[in-house]
Amino acid sequence: MIVRKFPIEHLDPINLLGQNDANVRHIERVLPVRITLREGTITVAGDDAAVTVAARALEQLVDLAERGKVIEEADVATALGASRKNGNGARLAEAYEGAPGYAFDRRAVRPRSPTQAEYMKALEDFDVVFGIGPAGTGKTYLAVASAVNALRRKNVDRIVLVRPAVEAGESLGFLPGDMQEKVDPYLRPMYDALSDMMSYDKMRRYIELGVIEIAPLAFMRGRTLHNSFVILDEAQNTTVRQMKMFLTRLGVNSRAVVTGDVTQIDLKSPEASGLVRIQSILGGVPGVKFIYFHPEDVVRHRLVREILYAFEQYHARVNGKEEDGVGETLEPGVAGKDGEPALDAPQAGSAPRFEAGARPEAGAPAGDRSAPGPAPPPVPAEDAPGPGRSGPSL
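Keep in mind that what you see is a predicted model, and the values were worked out from it rather than measured.

Draft legend 1. Expanded view of the overall build of the protein. Scanning the protein for helices and strands turns up 12 helices and 11 strands. For the protein, the residues scored as buried account for 48% of the 394 residues in total. When contacts within the protein are restricted to residue pairs at least 6 apart in sequence, those whose partners lie at least 24 apart make up 69%.

Structure (structure tokens):
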């Protein structure tokens, strides 16, 4: 057994260790070590290998706390993942450098994981951003926050929030009311995000004036959206045709954010999802940015992360492959299904890819896609060329 010590007299213990030492308990759940705090010093005891990993993680977390960051479980998971890779990953604190933060009427919004920091930077720098990954990683919430901030700064004149009206595996039948009342149940998550950033009266006034518009994807056909911040949520439930239709609505001085989780596709033919195929279609287009989230980026209840890991193991047993919420060959440097070649690795300067402490090794950095990805899957029967048709219409 070996012991390592870290003096933290200059830090607020709660900022580093979390409420009720939650961050310490997280490390102890993942590694066979014992961590104690006495007289301003953290002591780590255990086997040599485990203490080495825990010490590297704590060094990263102390560095982050010294820069004013309140340490959260997502930071702990990321630090453990980087430490397990023999400490060769990028410094955790560097991932947050340059990431924007917003202060609204009701709360402040800031990145809570390195991938969220990369995502928020992309929302500021790119006109079209795709956020792809599992539930609970803040994809939609941060996109709405960026849109409200752009509206407040008068960078855009309105916000358009769009969602496909696809039921999650059950039929609700015909819903009562007018169009707005019919689609409200599908768009409730966007209302929830907006209500965190402005008062109910302001949100209602903006909706009545058309400054904020919440609409189903089906009503986007034929429109041109100038000076708008447009968000398409649950994009895994779009077809390729719908994805093309949505992206070509952009007008002058407009931005688009597309979010979704390709492991929760509710279409009858999941292989036809527009979010899956769009990555090979737009992978090499300048000005388009793909950000990939993973279970370690989950910022909901800690059990959500563990549930995602459990499903990974289940899919690995059933399908003989790992599934972490991003799908097959969607990230640069990750080998494809049945040995297909991986996409080109990102160029130097791309944001680092961090791994969770308890998660199997997977993936390389998610940076810009400088070259087209693999060929798209075979065209479904309904899109196949027929008599008098030259080919599939996207």
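There's more to say after this.
Draft legend 2. Quick peek at the confidence of the model for the protein. Mean pLDDT over the protein: 78, with 74% of residues reaching 70 or higher. Across residues 168–172 the pLDDT falls below 50, and counting only partners more than four positions away or on other chains, this stretch makes four contacts in the model. Across residues 381–394, where pLDDT falls below 50, the model places 15 contacts with residues more than four positions away in sequence or in other chains.

Draft legend 3. A nonpolar patch on the surface, seen in detail. A contiguous nonpolar patch, built from Leu303, Ile307, Phe311, Tyr314 and Val318 and spanning about 480 Å² of accessible area, is present on the exposed surface. Mapped onto the elements of the fold, phenylalanine 311 is located in helix 12 (residues 302–319).

Draft legend 4. Inspection of the pairing of strand 2 (residues 33–38) at higher detail. Pairing of strand 2 with strand 3 (residues 41–46) involves six bridges; the strand directions are antiparallel. Among the inter-strand pairings, isoleucine 35 is bridged to a residue of strand 3, identified as valine 44. Here strand 2 folds back onto strand 3 in antiparallel fashion, the turn holding two residues, of which glutamate 39 has a positive phi close to 50°.

Draft legend 5. The arrangement of the nonpolar core in detail. By size, the foremost hydrophobic cluster in this structure holds 35 residues, and its most contacted members are Tyr119, Val144, Val148, Leu161, Leu194 and Ile231. Of all the elements in the fold, those that place two or more residues in this core are helix 6 (114–125), helix 7 (139–152), strand 7 (158–163), helix 8 (179–195), strand 8 (212–216) and strand 9 (228–232). In terms of residue count, the dominant contributor to this core is helix 7 (eight residues). If near-sequence neighbours (up to four positions away) are discounted, leucine 194 is found in contact with Val144, Val148, Leu161, Met203, Ile212 and Ile214.

Draft legend 6. Molecular detail of the pattern of salt bridges. Following the criterion strictly, the structure yields 19 salt bridges and no others. A salt bridge links aspartate 21 to arginine 25, with the nearest nitrogen and oxygen atoms 4.0 Å apart. It is possible to trace a salt-bridge network through shared partners that takes in Lys69, Glu72, Asp75, Arg110 and Arg112.

What counts, and at which threshold
Residues numbered from 1 in each chain as written. Predicted model: local features only at pLDDT ≥ 70, side-chain atom pairs only at ≥ 80, totals over all residues. Heavy atoms only, no water. Helix = DSSP H or I, 4+ residues; strand = E, 2+ residues; numbered from the N terminus. Buried < 20%, exposed > 50% of the residue type's maximum accessible area, 1.4 Å probe, protein only. Contact = heavy atoms within 4.5 Å. pLDDT = per-residue confidence, 0-100. Patch = residues over 30% accessible without salt bridge, like charges linked within 9 Å, V, L, I, M, F, W, Y side chains within 5 Å. Areas by Shrake-Rupley, 256 points an atom, 1.4 Å probe, with all protein chains shown as cover. Salt bridge = Lys/Arg side-chain N within 4 Å of Asp/Glu carboxyl O. Pairing = 2+ DSSP bridges. Core = buried A, V, L, I, M, F, W, Y, C linked by side-chain atoms within 4.5 Å.

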